[in-house]
Amino acid sequence: LHDALPISAEQAKVQGLIELANTDLSNGRYVSARRRAEEALADDPKNADAYTVLGAAEWRAGNFEASTDAYRKALEIDPKNFGAAVDLSRNLRAMSQYDDALKVLEPVIAAEGEGFTSKACESLEDCVDDGGWCHPTEKVCKAPVQIQTRRSQLWGYYTTLEADKGIQVADEVFLGAAAEDEATMAILEVVRAYADYLR
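Nothing here was measured: the structure is a model prediction, and the numbers come from that model.

Undergrad: An account of the state of the cysteines is requested, with residue identities and associated values reported.
TA: Using the criterion set out here, one finds two disulfides in the structure. Two residues share a disulfide in this structure: cysteine 121 and cysteine 134, whose sulfurs sit 2.1 Å from each other. Every disulfide takes its handedness from the sign of the S-S torsion; for cysteine 121 and cysteine 134 that torsion is 90 degrees, giving right-handed. On the criterion of sequence distance, the pair formed by cysteine 121 in the loop between helix 7 (106-111) and helix 8 (125-128) and cysteine 134 in strand 1 (residues 133-134) is long-range, its members being 13 residues apart. Between the sulfur atoms of cysteine 127 and its disulfide partner cysteine 141 the distance amounts to 2.0 Å. Between cysteine 127 and cysteine 141, the S-S dihedral sits near -85 degrees, and the bridge is therefore left-handed. Separated by 14 residues along the polypeptide, cysteine 127 in helix 8 and cysteine 141 in strand 2 (residues 141-142) bring together distant segments of the chain. Note on accessibility: cysteine 127 and cysteine 141 belong to one class, buried.

Below, the structure written as structure tokens:
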């Protein structure tokens, strides 16, 4: 049995619109995605995911300012919204707002460890059953890391030439991220290149 509360018909409609908008985005139909996101927001103006989809649609349409505004609204509603944080960080870096680009990632990165029970460890194998990784100097199991947030964080440190912080983030990516598909492997190669430069 599920512990989740039942959702209303209106919530289901909004969720369905967001899912359709995401499908539109993945198929390159940003105009349709924008329309669906706006329709979802008309029914639920406090929906962070709808603002995130709207931001992505605006970005793909070349409306940079509208994209940035939509991502900011999503994070006002939900500071831990993964997609909005990663994409707003990208937009802020493009505007040379490097400190802000790093700051918007902090709540999302902090949330990665929510619900993860840490314990002492000596090697990676000590944490595998819990789905985590063993921090080599702290000797503590840590929650798995999200590559997208860390990649954004690494680019921020790379841009500001904060080499020590960038190297630490790269190490977390290599130790704590699951490389399960080709896209992830490609991102890891980019992270490796940035890390090599910072070293």
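Following the structure, the description resumes.
Undergrad: Break down the pattern of salt bridges for me, with residues and values.
TA: For the structure shown, the criterion picks out 11 salt bridges. A salt bridge links aspartate 43 to lysine 13; the shortest N-O distance between them is 2.9 Å. Placement of the pair is aspartate 43 in helix 2 (residues 30-43) and lysine 13 in helix 1 (residues 9-26), with a sequence separation of 30 residues. In this structure lysine 13 comes out as partly exposed when scored by relative accessible area, which is 41%. Across the pair glutamate 58 and arginine 34 runs a salt bridge whose closest N-O atoms are separated by 3.3 Å. Of this pair, glutamate 58 sits in helix 3 (residues 48-60) while arginine 34 sits in helix 2, placing them 24 residues apart in sequence.

Undergrad: So what's going on with helix 5 (residues 82-94)? Residues and values would help.
TA: End to end, helix 5 covers 19 Å across 13 residues, agreeing with the expected 18 Å (1.5 Å per residue, within 8%). Restricting attention to buried positions, one finds in helix 5 the residues Ala84, Ala85, Val86, Asp87, Leu88, Ser89, Asn91, Leu92 and Arg93. Where the residues of helix 5 are buried, they touch helix 3, helix 4 (64-77), helix 6 (98-103), helix 7 and helix 9 (147-159). Capping the start of helix 5, asparagine 81 holds a side-chain oxygen 3.4 Å from the backbone nitrogen of glycine 83, two or three residues further along.

Calculation criteria
- Residues numbered from 1 in each chain as written.
- Predicted model: local features only at pLDDT ≥ 70, side-chain atom pairs only at ≥ 80, totals over all residues.
- Heavy atoms only, no water.
- Disulfide = S-S within 2.5 Å.
- Helix = DSSP H or I, 4+ residues; strand = E, 2+ residues; numbered from the N terminus.
- Buried < 20%, exposed > 50% of the residue type's maximum accessible area, 1.4 Å probe, protein only.
- Salt bridge = Lys/Arg side-chain N within 4 Å of Asp/Glu carboxyl O.
- Expected span 1.5 Å × (residues − 1).
- Contact = heavy atoms within 4.5 Å.
- Polar contact = N/O pair within 3.5 Å; in protein donor to acceptor, adjacent residues only side chain to side chain.

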